[in-house]
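Working through the structure, step by step
If you want the building blocks of each chain, they are given just below.
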Amino acid sequence: PLLQDSSGTVAELNIGRSVTEIFGYKTQGCRKAMCIAGYIFSCGALLLLFYWKPAWDVWANCIPCNLQEADVILLRTTDEFQKYTRKKVTWIDLSKLNLSVRDTSDSLFIADKDSVINRAIMKPELKVRSIQVQKIWYIWDLSMKQFQKVGSLDDSNSCYDIHDKFGTGLTREEQNIRRLVCGPNAIEVEIRPIWKLLFKEILNPFYVFQTFTLTLWLSQGYVEYSVAIIILSVISIGLTVYDLRQQSVKLHDLVEEHNKVQVTACTKDEGCKKLESHYLVPGDILVLEGKKHSLPCDAILIDGGCIVDEGMLTGESIPVTKTPLPHMENTKSWKTHSAEDYRRHVLFCGTEVIQTKPTGKGPVRAVVLQTGFNTAKGDLVRSILYPKPMNFKLYRDAFKFIIILTLIGVLGLIYTVCVYVQHKVIAETVAMALLLFTVSVPPAIPAALTTGIVYAQKRLKNKKIFCISPQRINICGQINLVCFDKTGTLTEDGLDLWGLIPSEGSRFQNVYSFASGTPLPWGLPCGAMASCHSLIVLDEKIQGDPLDRKMFECTCWVNVTVILTACTHVIVKPGPNTRNAPVDGIAILHQFPFSSGLQRMSVITQQLGKDQYDLYMKGAPEMVTSFCRPETVPTDFVKELKVYTTQGFRVIALAHRALNMGKDEVESDLTFLGLLIMENRLKAETKPVLEELSTARIRSVMITGDNLQTAVTVAKNSGMISKTSKVILIEASEPEGPTPASITWQLMEDSKQMAAGITDTCVNIEERTIPERESNNYHFALNGKSYQIIVKHFKSLLPKILVNGTVFARMSPGQKSSLIEEFQKLNSHGQGDELCSNILSCSYTGVFQALKMAHAGISLSEQEASVASPFTSQVPNIECVPELIREGRAALVASFAVFKYLTLYGLTQFIGTALLYWQLQIFGNYQYLMQDVVITLLVCLTMSLTQAYPKLAPYRPPGQLISPPLLLSVILHTGITAIMLVCGFLLVKQQPWYSEMANHSGKVPLPAPHSVLSYEDTTLWPLTTINCIILAFVFSKGKPFRKPIYTNYIFSVLLLTQLGICLFLLFADINAVYKGMQVSGTEVDVVLQNRHLWLLIKKCCQFRSRSQYRKWQRKLEKDPTWPPLKRKDFAENTVSLAAVPLTGITLWRIIYEALLTI
């Protein structure tokens, strides 16, 4: 919790990355009795309402109270949705454990005196109050008066505390307490029963209304269409339930194998023994054996080392070396002490231990850090079980539109009552009024929309793009910002060695090219390449980081693993193709694994048969040279480094030192050995795809963990940054003493100027000045460190930077997620048609948190962690991105078309039925059946079959149903239909052969058994029927988002057949009316859907977007001081850079807001 008010009734609870408000309530007997009576008297309607609105249920049954006294907790999310959830407070009884200590109030049940469990136990009752929220348990802290999370060790523990408090294990009694309070160490995902899924789906408000409608129709004898809708709805619900059930089974199978793993755990009083991982608790000692196995919990390594495969978390199946947490006395939190590298000491749940490296002291041991859903894998599973809510205007507008149609139905109900009461036909008034009320809201809407998504999902599957969240397909139709990872996404996953630039006598030597195929001669650089890595031999194959693997392969040495002095060591030996190596081999005695925080790795080695010890280091050139003796670093180091980084090469520096084991500092006074140049090639598909996205005015952004210079070059080579654009490098610095945080703006130097005379370098020379202002003629590039400082100290500058920010390098996974959230905020007040309104994140490895944060995420990896991504592509390149956007646009347009069609179909029937009610008449059942099944139902099932247009248009389809084009289209079509039907209704009465015939009440006798019901009915039915066919044709729009209508063969043949049947039935009696209707209807929609017309109207009326992105863009275009160059700003001066929000136009506000969708 972050906050609690003075009354104690409200607090805030941290749930993952989000914050939730919690309110305390106490159940009151009399209120509950009244609610039960309400359930009975309302025949369950009140209960159903409370199911939809859990907050109302709590407010009706309970009274507000202090959280300490509450037996019901109401949770409310703090996002825009403000979703309520009801949770019951449960009591955990510890008295059944027969605890030995229970006398004094100061006695501790948990040895860790800082543990929240000690503060949560009520004495002498020995009970604990708890709630479970999204699978995480929280207990009531009696001292702090708030709910605290359990299931993990406190982060405040220092390195010394971890070793001292938990190094010898827990007592049996403490284990039992923790197990009862924290729950079992299991990620239990229930396979949801089909009846529960069915029950939840059926209780959707629209299906409840549909049930009421169909019940009414069946009672009136309208059996055929009702049965058809029931069948369609059952199929729709069945498909949804089947999909949810399959996901539930898949997720259950994914986690079940890790719930019952046999492990060895140690306790203080019983020693080590085998047990099921289900019984592990935070603080237990876990003994890791040599065999391959999966980790059932998160644990901190305290003794020995091990190599694990973290592909489940990162998407990369690369062995990672884990080192023990240092045992040192300090007061810092163990995470703070390790800074960004704390993960190298943590073994994560679900990852696989490949190899253990015991020390001479004993086996490899780890302290259980987190259990169950608190673990890394549990967090991944929770993100799937409780995904981020979708805020898509189509679904919100659809609900609003249905409410409008319902209000129209209410007007029809009132009209019916008035007409029937006036004619004194009281007996059938209620039935006829309800019938007209239900006509205005077509019951086929949810089934028809589901059908369109199913078709789109099938087309994506044929293109090897799989979807676990079908509703996000429509969202993809609004994508206009794509965030790409670099390695494995834009570039090839592996690296090719380009060359080695050795250094001798503080001067760079000639480049050694690996393309020649000649083995690298022996020397210190060769020794560094052969030994400074974390490769292992597994299943007779060398495995590890692709960079390490490629570097080692180029030395032509071989890797073997042996056991020396009870410890496992890696020994590398010269292979048969090496050149005159004067050594028998090199033993790697100790590794300091690579860390992104340290930006380097080191190894201590010994040549076989010699007493000489060496230290080799490799890493980021700037970092490695800081450990080298200055006289060994070439004077032109910076210039040489720029030559290669600005061409997109990945550059690694090598260094060496002969060790004197008596000295403490090993990573100092090194000798610089040279630069290793590695090439990371673009994928062949990258440039064409980025060009296609750029042509479609879809912005591309790179978010990578790689070097900034390399990332900028890749962005330029791929076309993400055009050759004529400038790149402004942003560097921010933390405050130091009295000096506040600062930010500098520097135009990146042209690489050709630095690379003059170097062969194989092709970079255009450009003037380093900002040309005449263009909105996109410059791009910002910055790294993760600068981004973090800007978020902290220059928050007002962040929107300005994001407007033209293109390259974000050295970003951690958390920073990637944060950046995507900031992009989303940039359009938090927009109308759905702005640059950052919908974001697609595309990654091959390492960005699964970002994939979940974006509106839609597509993973190019098939690793286990990719299950968190809404979309997964089996083709590992970014060609899937435009495919997904194309299909999303086609599905969105199809959804709009179906919705518009069904709306006008309902309104057409509503008008026709209302006119007949004036005569106390109604369409016959078979007439309704012809319109509803033969025409409308088949149209809805086939209209969405039209495939996506192969070329992406430079604009997106409308994202709102409540917009001027659609509203005017519906209003004008409804008006034309009403005029046509009223004219037909009146004109038929003027004919000389007209005579009043029987109505449904039987007041006028029928002249013959097979006579028509009335001339009015005979006139209105064909008009409404042919109108439905014309509307289907008009709304089946093709280009620019879907292929032309004639490519949808089934739909085209269906329309022609339906039209033929109608003409056959009607012959040519009202052909003139039909032709006039067809012309007027088509022309109206063509005009209303004309994008250029609406753009012209917007321009004339000077409509401006309320989007934060557009506001900032307009403001920056008018700012002569932006972008800043060659200057430094300080945090205390950044307030003057904040923008003043623009005011909107208040006249015709609804029309103005709706126009923004064009």
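Residues numbered from 1 in each chain as written. Predicted model: local features only at pLDDT ≥ 70, side-chain atom pairs only at ≥ 80, totals over all residues. Heavy atoms only, no water.

Quick word on the overall build of the protein
To be explicit about the condition: In DSSP terms, a helix is any run of H or I states spanning at least four residues, a strand is any run of E spanning at least two, and both are numbered starting from the N terminus. Burial here depends on accessible area, computed with a 1.4 Å probe over protein chains only, as a share of the maximum for the residue type. Under 20% is buried, over 50% is exposed, and the range in between is partly exposed. Whether two residues are in contact is decided by their heavy atoms: any pair within 4.5 Å suffices. Per-residue accessibility takes into account occlusion by the displayed protein chains alone, with areas from the Shrake-Rupley method and a 1.4 Å probe.
Regarding its fold elements, the protein presents 36 helices and 42 strands. Per-residue burial for the protein yields a buried fraction of 53% across its 1158 residues. Taking the contacts inside the protein whose residues are at least 6 apart along the sequence as the reference set, 72% of them involve residues at least 24 apart. As presented, the protein carries roughly 51200 Å² of accessible surface, and 58% of it is formed by carbon and sulfur atoms.

Topic: the packing of helix α9 (residues 223-256) against helix α12 (residues 376-385)
Selection rule: Orientation is described by lines fitted to C-alpha atoms, with helices fitted over the stretch in contact, and by angles between N-to-C directions that extend from 0 to 180 degrees. Any angle from 65 to 115 degrees is called roughly perpendicular, while one under 35 is roughly parallel, one over 145 is roughly antiparallel, and all others are oblique. Note on residue classes: Ala, Val, Leu, Ile, Met, Phe, Trp, Tyr, Cys and Pro are nonpolar, Asp, Glu, Lys and Arg are charged, and everything else, Gly too, is polar.
Two elements in contact, α9 and α12, have axes separated by 12 Å at closest approach and are oriented at 175°. Looking at the two axes, α9 sits roughly antiparallel to α12. Seen from α9, the contacting residues are Leu 251, Leu 254 and Val 255; seen from α12, they are Lys 377, Val 381, Ile 384 and Leu 385. For the contact of α9 with α12, the per-class residue count stands at 6 nonpolar, no polar and 1 charged.

Considerations on the pairing of strand β34 (residues 699-703)
Defined as follows: Should DSSP find at least two bridges between two strands, the strands are taken to pair.
With 5 of 5 residues buried, β34 lies mostly within the body of the structure. Here β34 shows two buried faces, one formed by Arg 699, Val 701 and Ile 703 and the other by Ser 700 and Met 702. Two elements, strand β21 (residues 481-484) and β34, share 4 bridges in a ladder whose sense is parallel. Within β34, the position partnered with Cys 483 by the bridge is Val 701. Examined bridge by bridge, β34 and strand β38 (residues 805-809) share 2 bridges and lie parallel to one another. Note that in β38 the partner of Ile 703 across the bridge is Phe 808.

Some thoughts on the state of the cysteines
This is how it is decided: Criterion for a disulfide: a pair of cysteine sulfur atoms at a distance within 2.5 Å.
Applying the stated rule across the entire model yields 1 disulfide. Covalently, Cys 266 is tied to Cys 272 through a disulfide, its sulfur atoms 1.9 Å apart. Here Cys 266 and Cys 272 share a disulfide; its torsion about the S-S bond, 85°, makes the bridge right-handed. What makes Cys 272 partly exposed here is its relative accessible area of 49%. In this model Cys 467 remains outside any disulfide bridge; the closest cysteine sulfur is found in Cys 476, 7.8 Å from its own. Cys 467 gets classed as buried once you look at its relative accessible area, which sits at 12%. In this structure Cys 526 is not part of a disulfide, and its nearest cysteine sulfur, from Cys 556, lies 8.7 Å away.

With respect to the sheet that holds strand β7 (residues 127-133)
With antiparallel pairing, 4 strands are arranged side by side in an open sheet as β6-β7-β8-β9. The open sheet terminates on both sides in strands that have one partner only, identified here as β6 (90-93) and β9 (146-149). Strand-to-strand twist of the sheet, defined as the mean angle between neighbouring strand axes without regard to direction, takes the value 40°.

Remarks on the side chain of Ser 742
With respect to the helices and strands, the residue Ser 742 is situated in strand β36 (residues 742-747). Discounting chain neighbours no more than four positions away, the residues touching Ser 742 are Glu 731, Ala 732, Ser 733, Phe 794, Lys 1128, Asp 1129 and Phe 1130.

Considerations on the environment of Gln 815
Keep this limit in mind: Between N or O atoms, a polar contact is any pair within 3.5 Å; within protein, one atom must be a potential hydrogen donor and the other a potential acceptor, and residues adjacent in sequence are included only when both atoms are from side chains.
Within the fold, Gln 815 resides in helix α26 (residues 813-825). Along the primary structure Gln 815 and Ile 703 are separated by 112 residues, whereas in three dimensions their C-alpha atoms are 9.4 Å apart. When sequence neighbours within four positions are dropped, the list of residues in contact with Gln 815 reads Gly 784, Lys 785, Tyr 787, Gln 788 and Arg 810. Within the structure, the side chain of Gln 815 is placed 3.1 Å from the backbone oxygen of Gly 784, a separation counted as a polar contact. One polar contact links Gln 815 to Gln 788, side chain to side chain, over a distance of 3.1 Å.

Looking at helix α6 (residues 172-182)
When we look at burial in α6, the residues that qualify are Glu 174, Gln 175, Ile 177, Arg 178, Arg 179, Val 181 and Cys 182. Looking at the packing, one finds that the buried side of α6 touches β6, α4 (116-120), β8 (136-141), α5 (159-166) and β10 (262-267).

A word on the pattern of salt bridges
Our working definition: What makes a salt bridge here is a side-chain nitrogen of Lys or Arg within 4 Å of a carboxyl oxygen of Asp or Glu, nothing more.
Taken as a whole, this structure holds 20 salt bridges when the rule is applied. Glu 21 is paired through a salt bridge with Arg 76; the nearest N and O atoms lie 2.5 Å apart. Of this pair, Glu 21 sits in strand β2 (residues 18-27) while Arg 76 sits in strand β4 (residues 72-77); the two residues are 55 residues apart in sequence, bridging distant segments of the chain. For Arg 886, the salt bridge goes to Glu 883, with nearest N and O atoms at 3.3 Å.

Here we look at the packing of helix α2 (residues 45-52) against helix α3 (residues 54-61)
Where α2 contacts α3, the axes come no closer than 5 Å and their chain directions differ by 120°. Across from Leu 49, Phe 50, Tyr 51 and Trp 52 in α2, the residues of α3 making contact are Pro 54, Trp 56, Asp 57, Ala 60 and Asn 61. The residue inventory of the contact of α2 with α3, partitioned by class, reads 7 nonpolar, 1 polar and 1 charged.

As for the nonpolar core
Filter applied, for reference: To qualify as a nonpolar core, a set must consist of buried Ala, Val, Leu, Ile, Met, Phe, Trp, Tyr and Cys residues joined through side-chain atoms within 4.5 Å. An automatic or database domain assignment supplies the start and end points of every domain.
One finds Tyr 225, Tyr 901, Leu 902, Val 939 and Met 943 to be the most contacted residues of the largest nonpolar core, which totals 76 residues. If one sorts the elements of this core by residue count, helix α28 (residues 880-918) sits on top with 16 residues. Of the residues that make up this core, three or more belong to each of domain 2 (194-257) and domain 4 (395-464 + 886-993 + 1014-1082). Contact partners of Met 943, with chain neighbours within four places excluded, come to Ala 897, Val 898, Tyr 901, Ala 1032, Ser 1036, Arg 1042, Asn 1048 and Phe 1051. Counting 41 residues, the second-largest nonpolar core is a separate cluster that includes Ala 456, Val 482, Ala 715 and Ala 809.

Section: unusual backbone geometry
With an omega of 5°, the peptide bond between Lys 1039 and Pro 1040 qualifies as cis. Of note in the backbone geometry, Leu 126 takes a positive phi value of approximately 55° without being a glycine. Relative to the helices and strands, Leu 126 is located in the loop between α4 and β7. Note on Leu 126: relative accessible area 2%, which makes it buried.

Observations concerning a nonpolar patch on the surface
Rules: To count toward a patch, a residue needs a relative accessible area above 30% and no salt bridge. Like charges then connect within 9 Å, nonpolar side chains (Val, Leu, Ile, Met, Phe, Trp, Tyr) within 5 Å.
A contiguous nonpolar patch, built from Leu 218, Val 223, Val 227, Ile 230, Ile 231, Val 234, Ile 235, Leu 239 and Val 454 and spanning about 680 Å² of accessible area, is present on the exposed surface. For the nonpolar patch, the leading source of residues is α9, giving 7 residues. Relative to the helices and strands, Leu 239 resides in helix α9. Given the relative accessible area of 42%, Leu 239 is considered partly exposed.

With respect to the side chain of Thr 942
In this structure, Thr 942 sits in helix α29 (residues 925-943). In this structure Thr 942 comes out as buried when scored by relative accessible area, which is 10%. A distance of 2.8 Å separates the side chain of Thr 942 from the backbone oxygen of Leu 938, its partner in a polar contact.

Things to note about α3
Heads up, the condition is: Here the arc refers to the set of directions running from the helix axis out to each C-beta atom.
Turning to α3, its buried residues number three or more, namely Ala 55, Asp 57, Val 58 and Asn 61. Here the buried residues of α3 occupy an arc of 160° about the axis, which is enough to place them on one side. At its buried positions, α3 is contacted by β2, α1 (29-41), α2, β3 (62-64), β4 and β5 (84-88).

Observations regarding the sheet that holds strand β17 (residues 346-347)
Within the open sheet, the 6 strands sit side by side as β11-β10-β12-β19-β14-β17. Their pairing is antiparallel. The two strands at the open ends of the sheet, each matched to only one other strand, are β11 (271-276) and β17. With 2 bridges connecting them, strand β14 (residues 298-303) and β17 associate as antiparallel partners. When the sheet's bridge partners are listed, Ile 300 is paired in β17 with Val 346.

Examining the packing of aromatic side chains
We count it as follows: Working definition: rings of Phe, Tyr and Trp (its six-membered ring) pair if their centres are within 6.5 Å, and the pair is stacked with planes under 30 degrees apart, edge-to-face with planes over 60 apart, and tilted otherwise. Criterion for a charge above a ring: Lys NZ or Arg CZ within 6 Å of the ring centre, and within 35 degrees of the ring normal.
In total, this model carries 17 aromatic pairs according to the counting rule given. Their ring planes at 85° and their centres at 6.1 Å tell us that Phe 508 and Phe 672 sit as a pair that is edge-to-face. Taken as a pair, Phe 508 in strand β23 (residues 507-508) and Phe 672 in strand β33 (residues 671-679) lie far apart in primary sequence, 164 residues in all. Site record: aromatic cluster; members linked through ring pairs are Phe 209, Phe 212 and Phe 437. Its end group placed over the ring of Trp 140, Arg 129 keeps NZ or CZ at 5.4 Å from the ring centre.

Quick word on the pairing of strand β31 (residues 613-619)
Consecutive side chains of a regular strand alternate in pointing toward one face of the sheet and then the other. Among the 7 residues of β31, 6 are classified as buried, and the element is accordingly described as predominantly covered. Where strand β30 (residues 600-607) meets β31, 7 bridges bridge the pair, whose relative direction is antiparallel. Following the sheet pairing, Ile 604 is matched in β31 by Leu 615. The turn joining β30 and β31, which pair antiparallel and follow one another in sequence, is formed by 5 residues; a positive phi near 85° is taken by Gly 609. Sheet topology places β31 next to strand β32 (residues 650-658); 6 bridges connect them, and they run antiparallel. When the sheet's bridge partners are listed, Tyr 616 is paired in β32 with His 656.

Comments concerning the confidence of the model for the protein
Selection rule: A residue's pLDDT is simply how confident the predictor is in it, with values from 0 to 100.
For the protein, per-residue confidence averages 78 on the pLDDT scale, and residues scoring 70 or more make up 81% of the total. A low-confidence stretch, residues 1070-1088 stays under pLDDT 50, and its non-local contacts, those more than four residues away or across chains, total 32 contacts.

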